[in-house]
Amino acid sequence: MRQSRLFGKTLREDPKDEVAANARLLERGGFVYKSMAGVYEYLPLGLRVLDRINAIIREEMNAIGGQEVFFAALQPKDRWEKSGRWKVLGEEVMYQFKDHSGRELGLASTHEEVAAEAAARSIYSYKDLPLFIYQIQVKFRDELRAKSGLMRGREFFMKDLYSFHADAADLERFYWKSADRAYRKIFTRCGLDAYLTEASGGTFTKEFTHEYQVLSGAGEDLIFYCANPACRYAQNREIATLQDGGRCPKCDDGKITMGKSIEVGNIFRLGTRYAEAMGLFYADKDGKKHPVVMGSYGIGPGRVMATVVETHRDERGIMWPDALAPYAAHLIALGADDSRARKEAEKIYAQMEKKGIAVLYDDRADKTAGERFADADLIGLPWRVVVSEKTMEKKGVEIKRRGDAKSRIVSAADVFKRIS
Ligand code: ATP
Ligand code: MG
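Rules and cut-offs
Residues numbered from 1 in each chain as written. Chains lettered and ligands numbered in written order. Predicted model: local features only at pLDDT ≥ 70, side-chain atom pairs only at ≥ 80, totals over all residues. Heavy atoms only, no water. Helix = DSSP H or I, 4+ residues; strand = E, 2+ residues; numbered from the N terminus. Buried < 20%, exposed > 50% of the residue type's maximum accessible area, 1.4 Å probe, protein only. Contact = heavy atoms within 4.5 Å. Areas by Shrake-Rupley, 256 points an atom, 1.4 Å probe, with all protein chains shown as cover. Lys, Arg positive; Asp, Glu negative; His and termini not counted. Charge placed at Lys NZ, Arg CZ, Asp CG, Glu CD. Near = heavy atom within 4 Å. Polar contact = N/O pair within 3.5 Å; in protein donor to acceptor, adjacent residues only side chain to side chain. Nonpolar A, V, L, I, M, F, W, Y, C, P; charged D, E, K, R; others polar. Salt bridge = Lys/Arg side-chain N within 4 Å of Asp/Glu carboxyl O. Pairing = 2+ DSSP bridges. Axes fitted to C-alpha atoms, helices over the stretch in contact; angles between N-to-C directions. 1 Å grid on protein atoms, 1.4 Å probe; cavity = no way out; pocket = protein on both sides within 12 Å on 5 of 7 lines; lining within 4 Å. Points joined across faces, edges and corners; volume = space filled by probe spheres on them. Donors = N, O, S within 2.8 Å, 3.2 Å for Na, K, Ca; no water. Parallel < 35°, antiparallel > 145°, perpendicular 65-115°, else oblique. Left-handed = near helix turned anticlockwise from the far one by under 90°.

Trainee: Go over the overall build of the protein chain with me, naming the residues and quoting the values.
Mentor: A count of helices and strands for the protein chain gives 12 helices and 23 strands. Along the first, second and third principal axes, the C-alpha atoms of the protein chain reach 80 × 60 × 45 Å. Looking at the protein chain as a whole, 54% of its 420 residues qualify as buried. Considering only residue pairs separated by 6 or more positions, the protein chain has 67% of its internal contacts joining residues 24 or more positions apart. Roughly 19,600 Å² of accessible area belongs to the protein chain as shown, and the carbon and sulfur atoms make up 50% of that amount. The distance from the centre of the 68 positive side-chain charges to the centre of the 62 negative ones in the protein chain is 4 Å.

The structure is reproduced here in structure tokens:
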């Protein structure tokens, strides 16, 4: 991609109305555009990051048997009255309104009712179970505190998986498989160190749920966690029986520490509540009817992106982990359009494209070197490659890892090897 053609320009100054670092950096870097409080539009750079996060999520969801669907955001009132949540959610977060014919509609803030009703159209017998369906879809919530940038949108993406089981034991097996296999892997692959944290059930269940919490000063949650890396037992403050500075009751060794954190994921055992409300029953071997046992499993891809920015940055900008970076390399050509360095950079750019190295090529001759280096640090791609008269004299190009203080001069062939 030629930066001179890239849709979305970097901004010199922080946007005035943003306090959260993730929003300031993502807007300044040209990843997203703020439409209004809690509503963000993704520009090409931001969408590339989001797509990479979603690709990781899809891989891990498919690996545990998930089948992808896409449910509607626009919902009729009667479906939500069956579960009794039209009123509850309406008072809390759900956008509800009338269409031109006077019909009451809402925008889904979550999809348990929708998933259960859809499953009822395809689950009849024990042979149809278990079943796992998921979507990566947009949710709407009338969030009061929309001050945390992409961490708390009023319109935001969620990956939500719903599992359907014949009994609680089967749900339990899948619940821990999703936790230990899929969720742990997703966050690690995204470069996040997430604590599996016991939390309250919220509007879903009276049992514990498990949240995935990433320690960060920008977090809106508080967790107590065991500092012993072999243990990592953690509880959300909302339900905590642990004490700051105390000894961990799980490993009887680590010190309990309190820290601000960001909830990037949440898994719930739902039991039979939604199945009963939505008419989701199956027949066992003897033809006897039972309500289906459900679980739900959420991740916010936009919040993951914001959390990565909060935890991977310095005073100059973002430092994307390799797995999420929108491009692997930022190639910068210094010098006028017809200069030797510029011609060499064009050649390297063409070769990188041919070799399948995702590269953002800064070919903007109207910007100073200082401005372009500042943009490269702000955008935060893992590798910076500079071609200039100076590097040409040394018969090479300058290569630097984002975050490293020192650069080095290497041959173009060496650059391809290192980056790929
Ligand atoms: P919070 O307590 O932060 O409001 P929640 O517990 O209500 O979040 P869930 O219903 O558990 O959220 O949603 C599942 C996941 O969706 C969350 O773990 C988070 O990653 C993401 N998410 C929830 N609300 C938002 C939001 N307003 N903006 C962006 N992502 C969100
Ligand atoms: Mg939650």
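Still more ground to cover, so stick around.
Trainee: Could you give me a rundown of the site of ligand 1, with the residues and numbers involved?
Mentor: The local shell around ligand 1 holds 16 residues, among which Arg141, Glu143, Arg152, Gly153 and Glu263 are the closest. Contact distances for ligand 1 include 2.9 Å between an oxygen atom and a side-chain N or O atom of arginine 141. Contact distances for ligand 1 include 3.2 Å between an oxygen atom and a side-chain N or O atom of asparagine 266. Contact with the protein chains removes 86% of the 590 Å² of surface that ligand 1 exposes when unbound. Secondary-structure elements contributing two or more residues to the shell around ligand 1 are strand E8 (155-165) and strand E13 (256-271). Among the residues making up the shell around ligand 1, the classes are represented as seven nonpolar, four polar and five charged.

Trainee: Can you explain the pattern of salt bridges? Please cite residues and give values.
Mentor: Under the definition given, this model contains 39 salt bridges. One salt bridge in this structure joins aspartate 160 and lysine 139, with 2.8 Å as the shortest N-O distance. Here aspartate 160, found in strand E8, pairs with lysine 139, found in strand E7 (residues 131-140); they are 21 residues apart in sequence, far enough to count as distant. Relative accessible area serves as the criterion here: at 0%, lysine 139 is assigned to the buried category. Where arginine 152 meets glutamate 220, a salt bridge forms, and the shortest distance between an N and an O atom there is 2.6 Å. Placement of the pair is arginine 152 in the loop between E7 and E8 and glutamate 220 in the loop between strand E10 (209-215) and strand E11 (221-226), with a sequence separation of 68 residues. With a relative accessible area of 11%, arginine 152 lands in the buried category. On the accessibility criterion, glutamate 220 (29% relative accessible area) is partly exposed. Through salt bridges with shared partners, a single ionic network connects Arg2, Asp337, Arg342, Glu346 and Asp363.

Trainee: Got a sec to walk through the sheet that holds strand E4 (residues 74-76)? Specific residues and values, please.
Mentor: The strand order across the open sheet built from three strands is E4-E6-E5, with neighbouring strands paired in antiparallel fashion. For this open sheet the edge positions go to E4 and strand E5 (95-98), each flanked by a neighbour on one side alone. Put simply, the sheet's adjacent strands are angled 35° from each other on average, direction ignored.

Trainee: Can you tell me about empty space enclosed by the protein, naming the residues and giving the values?
Mentor: Enumeration according to the criterion identifies one cavity of 30 Å³ or more in this entry. The volume enclosed by the largest cavity comes to roughly 50 Å³. Along the lines of polarity and charge, the residues of the lining of the largest cavity split into three nonpolar, no polar and five charged.

Trainee: Please give an account of the sheet that holds strand E22 (residues 397-401) that cites residues and values.
Mentor: With respect to topology, five strands assemble into an open sheet ordered E20-E19-E21-E22-E23, the strand pairing being mixed. What marks the edges here is a single partner per strand, and that holds for strand E20 (359-362) and strand E23 (408-410). Strand-to-strand twist of the sheet, defined as the mean angle between neighbouring strand axes without regard to direction, takes the value 25°. Pairing geometry for strand E19 (residues 329-333) and strand E21 (residues 383-387), over five bridges, is parallel. By the bridge assignment, alanine 333 is partnered in E21 with valine 387. Strands E19, E20, E21 and E22 of the sheet are contacted by helix H9 (residues 340-355), whose axis makes an angle of about 165° with E20. Packed on one face of the sheet, helix H12 (residues 412-419) meets E19, E21, E22 and E23 and runs near 110° to E23.

Trainee: How would you explain the pairing of E5 if you had to name every residue and give the values?
Mentor: Here E5 pairs with strand E6 (residues 104-107) via four bridges, running antiparallel. Bridge pairing links tyrosine 95 to leucine 107 in E6. Between the antiparallel neighbours E5 and E6 lie five residues, among them glycine 102 with a positive phi of about 95°.

Trainee: Describe the coordination of the magnesium ion (ligand 2), and please don't skip the residues or the numbers.
Mentor: The magnesium ion (ligand 2) binds to the protein through Glu263 (OE) and Asn266 (OD1); the donor distances cover 2.2 to 2.3 Å. When its relative accessible area of 22% is taken as the criterion, glutamate 263 is described as partly exposed. For asparagine 266, a relative accessible area of 9% translates into the label buried.

Trainee: Can you tell me about the packing of helix H2 (residues 44-63) against helix H8 (residues 301-311), naming the residues and giving the values?
Mentor: Where H2 meets H8, the axes come as close as 10 Å, and the angle between the chain directions of the two elements is 115°. Classified by the angle their axes make, H2 and H8 are roughly perpendicular. Considering how the two elements wind past one another, H2 and H8 form a crossing that is right-handed. Seen from H2, the contacting residues are Gly46, Val49, Leu50, Ile53, Asn54 and Ile57; seen from H8, they are Pro301, Gly302, Val304 and Met305. The class makeup of the residues in the contact of H2 with H8 is seven nonpolar, three polar and no charged.

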